[in-house]
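Each chain, letter by letter, is given below.
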Amino acid sequence: MKILRRWFDAWRRSRLGTRLALGLGALALVVFAVVGTVMVGIMKGYLNDRLDEQLAKTQISQVPSLRTTHGGKPQQAYGWFSAVFAVRDGDALPQAGGSLPPDTKALEKVAEDATRTEVLRTVYIEDKGTYRVRACPIEPARNIVLVSAAPQADLDRTVSQLIMVEVVAFLLALAVLVIAGRLVLRRGLRPLSDMAGTAHDIASHDLTANADLPVRAQASGGGAEVEELRTAFNVMLAHLDSSLVARREANERLRRFIADASHELRTPLTSIRGYAELFRYAAANEPAERDAHLSKIREETQRMSVLVDDLLLLARLDAPETEAPLRLVDVDVAELITDAGEAFAAGRPEHPLSVGALPEGVVLQADPVRLRQVLDNLLANAAVHTPPGTPVTLFAEASDSEVVLRVSDAGPGIPPEARERIFDRFYRVDTARTRGNGGTGLGLSVVLSLVSAHGGTIEVESVPGATTFTVRLPRHRS
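Residues numbered from 1 in each chain as written. Predicted model: local features only at pLDDT ≥ 70, side-chain atom pairs only at ≥ 80, totals over all residues. Heavy atoms only, no water.

Draft legend 1. Representation of the overall build of the protein chain within the structure. The secondary structure content of the protein chain amounts to twelve helices and twelve strands. By sequence separation, contacts in the protein chain at least 24 residues apart represent 62% of the contacts at least 6 residues apart. For the protein chain, the exposed area adds up to about 28,000 Å²; of that, 58% sits on carbon and sulfur atoms. (Helix = DSSP H or I, 4+ residues; strand = E, 2+ residues; numbered from the N terminus. Contact = heavy atoms within 4.5 Å. Areas by Shrake-Rupley, 256 points an atom, 1.4 Å probe, with all protein chains shown as cover.)

This is the structure we're talking about:
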């Protein structure tokens, strides 16, 4: 058992080409054994038939003369035994003139069975070997039988030589097949070795310093299957490459996000701590100054609360599988736009608002609170980034498949270099002004995440004097 296990372990550790070559050799060995066995059987049967024919011809040519002489001396071939037997009361008695071995029991038994019909049988004669025996009746009325026995030594020798020739020829053919097969398989499996080398190159590549995977399987040949494997291998490497790049970018965005969030939270906390110190010194002496400090503390607290709420909302939108961030209901688009416009007009009277024709009877599957937040953020963004007196337009249109919302302003516009980053978290086009107005740099990021969560898209077009944010939302969610 240990030897078999050791052989099996060695087989498992061997290379694929070696195992295929040995497997091919084992299969060829089975085929050779079957073919050789069939050939030997056919040859042995053929030689037996020829020997039987020779025995039959010899006996048939003697029967007429033996009948005339009533069992005279039969003809004898070299190495054969030939004799006439008279069967009396079930016992075969040899007649004079025949050629018999010292032990005649086997021949007598054949003669006893051949009184009425010819008998062909292979018997073993002691001290002589195996013989092919044919017995035929000469005079059935008197139970006179002719028995001839031909040795099978020459036939067995011929079969043995054939077996030896086959074994040598098959062993040579097997050796050539295994060696040539191993060479052919090694050449055919070389592309797999090249891919293994590529994998080792990737394993030695430091992905922590550089996530790029420039290595690819470049070899050719090997057949359609190997080419398909090479293509799949390169596609997998490309996917890993893009995934690693995406992961690196995500990590960079996460680090930048944490740094920005820490910075944004530190500012109101610093202000709150400063006003708290001032409040402690002014609480006993200046009641009016104390109230002013408390008001500032409340403002900074409210600003920090808005920032934290936006961060929590973005975190929920980034992981919708853990908690559903939206509660979808049927929303009347006209009512939603009217409420958003009235709130903006009341809170930003310095920016005149014009609302386009409202689509009547249009119902949208959406979260009304979050969709209202999208409109409020876009309108507030237009007010914060434009000087007082800049007109703002809110427009909506609907088709059978989608609802389009547009918020436009006639402000100075967005610089081209800033358009690609305005939806990034904590990004500000005008840092000083937006910070002074209480902006956190998360408004448009929240808008993008909410619109994406609704299955929609948002686009921005801006030139000096006209900036338009276009939101497209599907009317029905699957």
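Read on for the rest.
Draft legend 2. Region of the structure containing the pairing of strand S3 (residues 119–125). Of the strand pairs in this sheet, S3 and strand S4 (residues 129–139) are connected by seven bridges, and their pairing is antiparallel. Looking across to S4, one finds that Tyr124 is bridged to Thr130. Where S3 hands over to S4, the hairpin turn is made up of three residues, of which Asp127 adopts a positive phi near 70°. (Pairing = 2+ DSSP bridges.)

Draft legend 3. Layout of the pattern of salt bridges. Following the criterion strictly, the structure yields nine salt bridges and no others. Note that Arg121 is salt-bridged to Asp113, the shortest N-O span being 3.2 Å. For Asp424, the salt bridge identified is with Arg421, shortest N-O distance 3.4 Å. (Salt bridge = Lys/Arg side-chain N within 4 Å of Asp/Glu carboxyl O.)

Draft legend 4. Looking closely at the packing of aromatic side chains. Tallied over the full model, the rule gives three aromatic pairs. Note on Phe423 and Phe469: the rings are 6.3 Å apart at their centroids and 90° apart in plane angle, and the pair reads as edge-to-face. Remark: Phe469 occurs in strand S12 (residues 466–474) and Phe423 occurs in the loop between helix H10 (416–419) and helix H11 (431–436); sequence separation between them is 46 residues. A relative accessible area of 16% means that Phe423 is categorised as buried. (Phe/Tyr/Trp six-rings, centres within 6.5 Å; stacked < 30°, edge-to-face > 60°. Buried < 20%, exposed > 50% of the residue type's maximum accessible area, 1.4 Å probe, protein only.)

Draft legend 5. Summary view of a negative patch on the surface. A cluster of acidic residues, Asp332, Glu335, Asp339, Glu342 and Glu360, forms a negative patch on the protein surface. In terms of residues, the negative patch owes the most to one element, helix H8 (residues 333–347), which gives three residues. Note that Glu360 resides in the loop between strand S7 (353–355) and strand S8 (363–366). (Patch = residues over 30% accessible without salt bridge, like charges linked within 9 Å, V, L, I, M, F, W, Y side chains within 5 Å. Lys, Arg positive; Asp, Glu negative; His and termini not counted. Charge placed at Lys NZ, Arg CZ, Asp CG, Glu CD.)

Draft legend 6. Broad picture of the nonpolar core. Of all hydrophobic cores here, the largest spans 41 residues; its most connected members are Val333, Leu378, Leu405, Ile458 and Phe469. Of all the secondary-structure elements, those providing two or more residues to this core are helix H7 (287–318), H8, S8, helix H9 (368–384), strand S9 (392–398), strand S10 (402–409), helix H12 (443–453) and S12. If you tally residues by element for this core, the top one is H9, at seven residues. Those residues in contact with Leu405, other than ones at most four positions away along the chain, are Val333, Ile337, Leu375, Phe395, Ala396, Phe469, Thr470, Val471 and Leu473. Within the second largest apolar cluster, 18 residues are counted, among which are Ala83, Val110, Val133 and Ala149. (Core = buried A, V, L, I, M, F, W, Y, C linked by side-chain atoms within 4.5 Å.)

Draft legend 7. Quick peek at the environment of Ala28. Along the polypeptide, Ala28 turns up in helix H2 (residues 16–68). You can call Ala28 buried: its relative accessible area is 9%. Spatially, the C-alpha atoms of Ala28 and Leu177 are 8.4 Å apart, while their sequence positions differ by 149 residues. Leaving out residues up to four positions away in the same chain, Ala28 has contacts with Leu174 and Leu177.

Draft legend 8. Representation of a positive patch on the surface within the structure. Among the surface-exposed residues, Arg15, Arg186, Arg187 and Arg190 lie close enough to one another that they form a single positively charged patch. Structurally, Arg15 can be placed in the loop between helix H1 (2–13) and H2. Overall, the relative accessible area of 56% leaves Arg15 in the exposed class.

Draft legend 9. Here's a closer look at the packing of H8 against H9. Look at H8 against H9: their axes get within 10 Å of each other, and the N-to-C directions meet at 40°. Relative to H9, the element H8 is oriented oblique. The chirality of how H8 crosses H9 is right-handed. Contacts from Leu336, Asp339, Ala340, Ala343 and Phe344 of H8 reach H9 at Pro368, Leu371, Arg372, Leu375, Asp376, Leu379, Ala380 and Ala383. A class-by-class count of the residues in the contact of H8 with H9 yields ten nonpolar, no polar and three charged. (Axes fitted to C-alpha atoms, helices over the stretch in contact; angles between N-to-C directions. Parallel < 35°, antiparallel > 145°, perpendicular 65-115°, else oblique. Left-handed = near helix turned anticlockwise from the far one by under 90°. Nonpolar A, V, L, I, M, F, W, Y, C, P; charged D, E, K, R; others polar.)

Draft legend 10. Local environment of the sheet that holds strand S2 (residues 91–94). Taken in spatial order, the five strands line up as S2-S1-S5-S4-S3 in an open sheet, and their pairing is antiparallel. For this open sheet the edge positions go to S2 and S3, each flanked by a neighbour on one side alone. Direction aside, neighbouring strands of the sheet carry axes that sit 35° apart on average. In this structure, strand S1 (residues 81–88) lies alongside S2, joined through four bridges in antiparallel fashion. Bridge pairing in S2 links Val87 to Ala92. Relative to S3, helix H3 (residues 105–112) is tilted by about 165°, and along the sheet it contacts S1, S2, S3, S4 and strand S5 (144–151).

Draft legend 11. Main features of the packing of H9 against H12. Contact geometry of H9 with H12 gives a least axis separation of 9 Å together with a crossing angle of 145°. Considering the relative orientation of H9 and H12, their crossing is left-handed. For the pair H9 and H12, contact is made by Arg370, Gln373, Val374, Asn377, Leu378 and Asn381 and by Gly443, Leu444, Val446, Val447, Leu450 and Val451, respectively. Of the residues belonging to the contact of H9 with H12, the class tally is seven nonpolar, four polar and one charged.

Draft legend 12. Structural view of H12. Among the residues making up H12, those that are buried are Leu444, Ser445, Val446, Val447, Ser449, Leu450 and Val451. Of the residues trailing H12, Gly455 is marked for its positive phi of about 80°.

Draft legend 13. Spotlight on H3. The complete set of buried residues in H3 reads Leu107, Val110 and Ala111. Down the axis of H3, the smallest arc covering the buried residues is 100°, so these residues share one side. Contacts made by the buried residues of H3 are with S1, S2, S3, S4 and S5. (Arc of directions from axis to C-beta.)

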